[in-house]
Amino acid sequence: ARTVKNVFRGTDEQLIERGSAMLEGLGIEKSEIADTKILQQYVTEGVMNPDTRQLDVKEPGKDRRSLIVRRVVGGVPVLNSRLALDLDGDGRIAALELSWPAIEPKVLEEARRLQKLAKADFKAPERKGARIESVEVGILHSPGASFVEDQVAAIRVIYSPDNSKLGMKPVAYLDMHGRPVAIPRQMIAKTEAPTGGRPVPDDMKKPR
């Protein structure tokens, strides 16, 4: 297998401890940590034989690992809050993604209300060519790198395609009545005032 240089060689536990220390340093409560997991990535190489036109593919080798920490607030998953952390071979930050805004009380209250109603009355809409895989109430917020901070409670429905060749699973964010909710914005849409027509040159105004 091919070895990859400059990736973190410590244990999974050390990577988790590094991420936990980072969250603690930012004042994030341990009760908001839903779970942690390590994603192991693999890489491989292929060499084309110019004579036979056959591709010689080597065995996959382990590459970088990513720590993923997901979030829950008051029993409600915050669906797009997370910490994603990669370290390099020297233990320094190679990649970092952190989106963890304060959740508005009114949004949390609405999410808890949705949780109760969804258990009793919600029926996820069917989707042609797919079956319902999971239904979960959670909170969505604007991305970390955005100019606004929208938040909304929603029911997330994940569908599993009947065709296994389709890799992407359809996802819908709905209200209690099965209608799509407005996804939090990344920036404020500016509406430009209508402008007048282009000025007409004087020589074109003269009658011919």
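Read on for an overview of the structure. Worth saying up front: this structure is predicted, and the values here are computed from it rather than measured.

What follows deals with the side chain of Ser-142. Mapped onto the elements, Ser-142 comes out in the loop between β7 (130–141) and β8 (151–161). Of note is the side chain of Ser-142, whose polar atom sits 2.9 Å from the backbone nitrogen of Asp-150. Among all residues touching Ser-142, those that are not within four sequence positions of it are Ser-99, Val-148, Glu-149, Asp-150, Pro-184 and Arg-185.

To continue, consider the environment of Val-135. As for its placement among the helices and strands, Val-135 is situated in strand β7. Assessed through its relative accessible area of 42%, Val-135 is described here as partly exposed. Each C-alpha atom, one on Val-135 and one on Val-171, is 10.0 Å from the other, the two residues being 36 residues apart in sequence. Apart from residues lying up to four places away in sequence, Val-135 is in contact with Phe-122, Ala-124, Ile-155, Arg-156 and Val-157.

Attention now moves to unusual backbone geometry. With phi around 60 degrees, Arg-53 is a residue other than glycine that occupies positive phi space. Locating Arg-53 in the fold gives a position in the loop between β2 (46–48) and β3 (55–57).

Definitions and limits used
- Residues numbered from 1 in each chain as written.
- Predicted model: local features only at pLDDT ≥ 70, side-chain atom pairs only at ≥ 80, totals over all residues.
- Heavy atoms only, no water.
- Helix = DSSP H or I, 4+ residues; strand = E, 2+ residues; numbered from the N terminus.
- Polar contact = N/O pair within 3.5 Å; in protein donor to acceptor, adjacent residues only side chain to side chain.
- Contact = heavy atoms within 4.5 Å.
- Buried < 20%, exposed > 50% of the residue type's maximum accessible area, 1.4 Å probe, protein only.

Nothing here speaks to function; it is all geometry.
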